[in-house]
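Chain residues, written in single-letter form:
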Amino acid sequence: MQNQNVDLGEIKKFEDLAERWWDKNSEFKPLHDINPLRVDFIQKHSGGVQGKRILDVGCGGGILADALSAMGAEVTGIDMGEAPLSVARLHQLESKQNVEYHKSTAEEFAKEHANKFDIVTCLEMLEHVPEPESVIAACKNIVKPEGDVFFSTINRNPKSFLFAIVGAEYVLKMLPKGTHEYAKFIKPSELDRWARQSSLKLKTLTGMHFNPLTQNYWLSDSNVDVNYLCHYKS
């Protein structure tokens, strides 16, 4: 793992939970609940995914990759966790989706696949690596000129600490305690600075919101205080 942009502790968190990845009532329920919003956002802002070649960086157990494949995309997923990748491949036996899964960092994958993908997605992943700017640069290298790159992560401010850590992990128990570290949260201005350094151009930035009473998620540009999604063009 030396010289690779990975955090072994972060990988272990998701390795330990891998067998529950496709249990929609498990710790991964939030991911299943927000997935339709993520897929619709990608579909809308990429001009449609059917027939396009997509790389999902930090694919985990394949929730996003599987859904994009079902919409007619040619999908590849990469992750550094062996257990989540095994779960993703096992799930293919049920879903019948043809997704290629590989154990790789974005940086390593970029060396062999420069300018090869129409769309690159990196969702709920940047806050789990030591150098998110390196992942962003790799995504830029992987996507084709004029291609689409999608990121999602968590803002860093008192409200996001209250909602994403205290609320989600300790009060509502939607996520295991310790899933997120506040210091690793990323302000939109920071993400955009790294993206601009890699010559990515911001097209859309929107917030993801949750009502704990109704259990509903929705996207809105009203604020990006906690979770947010963004679309960049190469």
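Look above for the structure.
*Asks:* When you look at the nonpolar core in this model, what are you seeing that I'm missing?
*Replies:* Looking at soluble globular proteins, one finds that nonpolar side chains tend to be buried together. V57, V120, V135, F151 and L191 are the most contacted members of the largest nonpolar core, which has 29 residues in total. Ignoring anything within four residues of it in the chain, the contact list for F151 reads C122, L123, L126, I136, C139, L191, L200, Y228, L229, C230 and Y232. Grouped together as the second largest cluster of nonpolar side chains are 24 residues, V39, C59, L64 and M174 included.

*Asks:* Which parts of the structure should I look at to understand the sheet that holds strand β3 (residues 100–103)?
*Replies:* Within a sheet, neighbouring strands are paired by backbone hydrogen bonds and run either parallel or antiparallel to one another. Taking strand neighbours across the sheet as the criterion, the eight strands line up as β3-β2-β1-β4-β5-β8-β6-β7 in an open arrangement whose pairing is mixed. Two strands close off the open sheet at either side, each with one partner strand: β3 and β7 (216–220). Within this sheet the neighbouring strands show an average axis-to-axis angle of 20°, counted without direction. Relative to β3, strand β2 (residues 74–79) runs parallel, the two sharing four bridges. Pairing of D79 across the sheet is with K103, part of β3. Against the sheet, helix α2 (residues 29–46) makes contact with β4 (117–123), β5 (143–154), β6 (201–211), β7 and β8 (227–233), and its axis sits at roughly 25° relative to β7, the strand it touches most. Taken strand by strand, helix α8 (residues 188–197) contacts β5, β6 and β8, and its axis lies near 20° from that of β8.

*Asks:* How should the packing of aromatic side chains be read in this particular structure?
*Replies:* The geometry of an aromatic ring pair is captured by two quantities: the separation of the ring centres and the angle between the planes. The tally for this structure, following the rule as stated, stands at eight aromatic pairs. Summarising the aromatic geometry, the rings of F151 and Y232 are spaced 6.0 Å apart at their centres and angled 65° between planes, so their arrangement reads as edge-to-face. Placement of F151 in strand β5 and of Y232 in strand β8 is noted, with a sequence separation of 81 residues between them. No difference in accessibility class separates F151 from Y232, as the two residues are buried. Seen in terms of ring centroids, Y182 and F185 are 5.8 Å apart; in terms of plane orientation they differ by 70°. Their pairing is edge-to-face. We classify F185 as buried; its relative accessible area is 2%. The cationic tip of R53 hangs over the ring face of F117; the distance from NZ or CZ to the ring centre is 4.3 Å. In this structure, K159 is placed above the aromatic ring of F163, and the distance from its NZ or CZ to the ring centre is 5.6 Å.

*Asks:* When you look at the packing of helix α6 (residues 132–142) against α8 in this model, what are you seeing that I'm missing?
*Replies:* Helices that pack against each other are described as a pair by the angle of their axes relative to one another and the distance between those axes. Axis separation between α6 and α8 bottoms out at 9 Å; the angle between their running directions is 45°. Compared by their axis directions, α6 and α8 come out oblique. The two elements α6 and α8 meet at a crossing, and its hand is right-handed. Mapping the contact onto sequence places P132, E133 and I136 in α6 and L191, W194 and A195 in α8.

Criteria and thresholds
Note that residues are indexed from 1 along each chain, following the sequence as it is written. Reporting in this predicted model follows two pLDDT cut-offs: at least 70 for local features of residues, and 80 or more for side-chain atom pairs to be given and counted; totals over whole chains, interfaces and linings ignore these cut-offs and use all residues. With hydrogens and water stripped out, all remaining heavy atoms of the structure feed into the side-chain values. Take the buried Ala, Val, Leu, Ile, Met, Phe, Trp, Tyr and Cys residues and link them wherever side-chain atoms come within 4.5 Å; each set so joined is a nonpolar core. Only protein chains enter the calculation, and the probe is 1.4 Å; a residue is then buried if its accessible area is under 20% of its type maximum, exposed if over 50%, and partly exposed in between. Contacts were defined at the residue level, with two residues in contact if any of their heavy atoms lie within 4.5 Å. For two strands to pair, DSSP has to find at least two bridges joining them. Comment: elements are numbered from the N terminus, with helices defined as DSSP H or I runs of at least four residues and strands as E runs of at least two. Lines fitted to C-alpha atoms define the axes, with helix axes restricted to the stretch in contact, and inter-axis angles between N-to-C directions lie between 0 and 180 degrees. Geometry of aromatic contacts follows a simple scheme: Phe, Tyr and Trp rings, the Trp one being its six-membered ring, pair when their centres are within 6.5 Å, and the pair is stacked under 30 degrees between planes, edge-to-face over 60, tilted otherwise. Over a ring means this: the NZ of a Lys or the CZ of an Arg is within 6 Å of the ring centre and within 35 degrees of the ring normal. Between 65 and 115 degrees an angle is taken as roughly perpendicular, under 35 as roughly parallel, over 145 as roughly antiparallel, and anywhere else as oblique. Should the near helix be turned counterclockwise from the far one by less than a right angle, the crossing is left-handed, whereas a clockwise turn marks it as right-handed.

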